[in-house]
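# Fold and contact review
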Amino acid sequence: MRELSQDWRDLLRVPQIAFDLRKLLLCAACLVVQLVGAELAIYYTTLKAGTYFDQSGWRGIHLFQLYRLPWFVGDVWHMPGGERILLVLAGMIYFWVFFVFSYFGAAVFRLFAVEIGLGERLDLKEARKFARQKFRAFFWTQGIILLAVLFFGGLIGVGGLVGRLPVAGPSILAGLFWIALAFSACAVLLLVGLALGWDLMLATIAVEGTDPFDGISRGINYVFARPWRYLACRAVGLGSSLVSLLVVAALALGIYSGAVAMARVGMGHDFDLYLYDPARFVWHSCVSGTVPAELDDALDTPGTAVSGGIFIFVTLVYWLLVAGYGLSVRVGAGTTTYLLLRRAIDGTDVTEIYMPQSGEEFDFSSDLEEDAGGPTASPPPPAPPPAPAT
């Protein structure tokens, strides 16, 4: 079992714990599914925008062309109905990204919670089981906050109808405007709490095995109750995560470049012909949309499509694992920050992690029943029949 310091030094150990093949595979799979959905959303938006946008030479973007995103947004914004199209695009991507993360993220958060708190390596099957059972809790953590913000905004909008009353309407609205300020303050505080403590909310569910309401309550409370301690933990956690990610990315680039150089020495010119040039062809096609003249015949040689496709697949998996490390170390920093803030505010030891008893199942519906007034008690067993008279 790894000995814990139960202070900021535990955050420095997160990069080491994050370098775990199970976590890397889950994070890489999460990124793949998210990127596929985002690509479909961008493709849909490109079709919708292309229907209205008639400037010659305009075209949409692909997911690999994110450097053109500012120009794309500006073009769509100035066309008829552009605001609605961009709003739909942002909503689709946000929903899909968090929908996917609610499953994969739940498994990764649980792996970190058990390994950091108890020093044990949770079985991947148990982590996936937890993710299935707590998927709705993870998803609704943000959904409940966004619905609450819309609710407060709706109340302000409905209250604004008072101003339409003849003669006295504007004066009444001015006198009651402090209520609108109070509702707006509630909405803003919820959004700030969500932006600063979203990972603390999810870590609550992973550590305590509770419901989204408890996650929201603890996440927002931990942010505002000890803001300086929160900022200190964030600075150490994000700082160590960023440094470790840069080191891993540099090592990954060196490993990849060395492998390409040595393979080119052994295979000779055929390496570029069968592997590297087809990969460059696909890359330029996806990113810039134009292919250099020297690559026009990259796929004409028999066999280059197959060998190049395999090389591209291996390369993508390799870099997805590197990107997965970035997501893994971010989740680990959030989980450790939650455990340290819980100890500082609630006095709960870092090693106290909820573990279900043998045969016990996580049940989100039972969590909601407890919030509503406690679980329904099972009826007492029937009394035994009286003994026959002798």
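About the criteria used
Residues numbered from 1 in each chain as written. Predicted model: local features only at pLDDT ≥ 70, side-chain atom pairs only at ≥ 80, totals over all residues. Heavy atoms only, no water. Salt bridge = Lys/Arg side-chain N within 4 Å of Asp/Glu carboxyl O. Helix = DSSP H or I, 4+ residues; strand = E, 2+ residues; numbered from the N terminus. Buried < 20%, exposed > 50% of the residue type's maximum accessible area, 1.4 Å probe, protein only. Contact = heavy atoms within 4.5 Å. Patch = residues over 30% accessible without salt bridge, like charges linked within 9 Å, V, L, I, M, F, W, Y side chains within 5 Å. Areas by Shrake-Rupley, 256 points an atom, 1.4 Å probe, with all protein chains shown as cover.

### Points about the pattern of salt bridges
- Tallied over the entire structure, the rule returns twelve salt bridges.
- Salt-bridge contacts for arginine 330 lead to aspartate 199; the nearest nitrogen and oxygen are separated by 2.9 Å. In this pair, arginine 330 sits in helix 12 (residues 304–346) while aspartate 199 sits in helix 8 (residues 177–208), placing the two residues 131 residues apart along the sequence.
- Classification of arginine 330 by relative accessible area gives partly exposed; the value is 22%.
- Residue arginine 342 pairs with glutamate 208 through a salt bridge whose shortest N-O separation is 2.6 Å. Here the residue arginine 342 occupies a position in helix 12, and glutamate 208 occupies one in helix 8, the gap between them amounting to 134 residues. Each member of the pair, arginine 342 together with glutamate 208, is buried.
- Shared partners join several salt bridges into a network, and the residues in it are Asp20, Arg22, Lys23, Glu115 and Arg121.

### A short note on the side chain of serine 241
- You can see serine 241 is positioned in helix 10 (residues 227–267).
- For serine 241, a relative accessible area of 7% gives the class buried.
- Setting aside chain neighbours within four positions, we find serine 241 in contact with Val329 and Ala333.

### Considering a nonpolar patch on the surface
- There is a patch of nonpolar side chains on the surface, built from Val188, Leu189, Val192, Leu196 and Phe224 and spanning about 400 Å² of accessible area.
- Among the elements that make up the nonpolar patch, the one with the highest residue count is helix 8 (four residues).
- Here valine 192 shows up in helix 8.

Interpretation note: all reported values are geometric properties and have no functional meaning in isolation.
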